[in-house]
Amino acid sequence: MSDSRLYYEGIGRRKRASARVRLILDEESTGAFIVNGRPVEEYFPRYGDILTFTGPLVDTELMGKADISVLISGGGQSGQTGAVRLGIARALVKYDEDLRIVLRQKGHMTRDARVKERKKPGLKRARKAPTYTKR
């Protein structure tokens with residue numbers, strides 16, 4: 001994909017993962033999907049992951065009509081998957097504001113704010129307390 005083509009960018013985050021998604025929708029688009037310089041099937045080998053973040057494209061009927069380039073950093077596999085999904089949805093809204101209604105109804109525009117809770121003093125983990133012993 002060349003840098004001279006017009007693209008729409010969306011940033012998605014989930015847990016500790018952050019994804020910058022560039023979406024190119026023009027007559028030259030072949031449906032290429034690149035993640036950190038590698039094909040999407042190589043970067044995300046789990047089949048369910050690909051179904052998750054292609055959801056916004058399927059729901060807006062743009063699957064295979066856009067070239068997508070993603071840069072991901074941080075987090076694990078499921079966090080990165082959620083970040084890519086939100087990034088694609090936000091890029092699609094920049095492409096066409098009318099798609100926001102469909103994406104919102106399907107739940108693609110909602111940022112999942114759940115993150116790992118910090119460890120508290122006196123506890124073993126965030127909420128696990130030491131075992132109580134009477135004697």
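Placed above this text is the structure.
As the structure is a computational prediction, the values presented were derived from the model and not from experiment.

Cut-offs used in this document
Residues numbered from 1 in each chain as written. Predicted model: local features only at pLDDT ≥ 70, side-chain atom pairs only at ≥ 80, totals over all residues. Heavy atoms only, no water. Phe/Tyr/Trp six-rings, centres within 6.5 Å; stacked < 30°, edge-to-face > 60°. Helix = DSSP H or I, 4+ residues; strand = E, 2+ residues; numbered from the N terminus. Buried < 20%, exposed > 50% of the residue type's maximum accessible area, 1.4 Å probe, protein only. Patch = residues over 30% accessible without salt bridge, like charges linked within 9 Å, V, L, I, M, F, W, Y side chains within 5 Å. Areas by Shrake-Rupley, 256 points an atom, 1.4 Å probe, with all protein chains shown as cover. Salt bridge = Lys/Arg side-chain N within 4 Å of Asp/Glu carboxyl O. Lys, Arg positive; Asp, Glu negative; His and termini not counted. Charge placed at Lys NZ, Arg CZ, Asp CG, Glu CD. Pairing = 2+ DSSP bridges. Core = buried A, V, L, I, M, F, W, Y, C linked by side-chain atoms within 4.5 Å. Contact = heavy atoms within 4.5 Å.

Caption draft 1: Structural view of the packing of aromatic side chains. Per the stated rule, a full pass over the model turns up 4 aromatic pairs. Consider the rings of Tyr8 and Tyr95, whose centres lie 5.4 Å apart with planes at 70°: the pair is edge-to-face. Of this pair, Tyr8 sits in strand β1 (residues 8-14) while Tyr95 sits in helix α4 (residues 77-95); the two residues are 87 residues apart in sequence, bridging distant segments of the chain. Relative to Phe44, the ring of Tyr43 lies with its centre 5.0 Å away and its plane at 75°, an arrangement referred to as edge-to-face. Both residues of the pair, Tyr43 and Phe44, belong to the buried class.

Caption draft 2: Quick peek at a positive patch on the surface. Together, Arg13, Arg90, Lys94 and Arg111 line one region of the surface with positive charge. Among the structural elements, Lys94 can be located in helix α4. On the accessibility criterion, Lys94 (56% relative accessible area) is exposed.

Caption draft 3: Highlighting the pattern of salt bridges. All told, the structure shown has 12 salt bridges when counted by the stated rule. With a shortest N-O distance of 2.9 Å, Glu9 and Arg22 are connected by a salt bridge. A residue pair is termed long-range when its members are at least 10 positions apart, and Glu9 in strand β1 and Arg22 in strand β2 (residues 17-24) qualify at 13 residues. In this structure, the salt-bridge partner of Arg100 is Glu97, at a minimum N-O distance of 2.7 Å.

Caption draft 4: Representation of the pairing of β1 within the structure. Burial of β1 is one-sided: the residues Tyr8, Gly10, Gly12 and Arg14 facing one way are buried, the residues Glu9, Ile11 and Arg13 facing the other way are not. With 7 bridges connecting them, β1 and β2 associate as antiparallel partners. Within β2, the residue paired with Glu9 across the bridge is Arg22.

Caption draft 5: Representation of the nonpolar core. Residues Phe33, Val70, Val84 and Ile88 are the most contacted members of the largest nonpolar core, which totals 27 residues. When residues of this core are traced back to their parent elements, those giving at least two are β2, β3 (33-35), α1 (40-43), β5 (67-73), α4 and α5 (99-105). Ranked by the residues each element gives to this core, the list is headed by α4, at 7 residues. Those residues in contact with Phe33, other than ones at most four positions away along the chain, are Arg38, Pro39, Val40, Phe53, Thr54, Ile68, Val70, Val84 and Ile88.

Caption draft 6: Local environment of unusual backbone geometry. If you check the backbone angles, Asn36 has positive phi at about 50° while not being a glycine. With respect to the helices, strands and loops of the structure, Asn36 is situated in the loop between β3 and β4 (38-39). Phi is positive for Glu61, close to 60°, though the residue is something other than glycine. Assignment of secondary structure puts Glu61 in the loop between α3 (55-59) and β5.

Remember, this is a structural readout, not a statement about activity or role.
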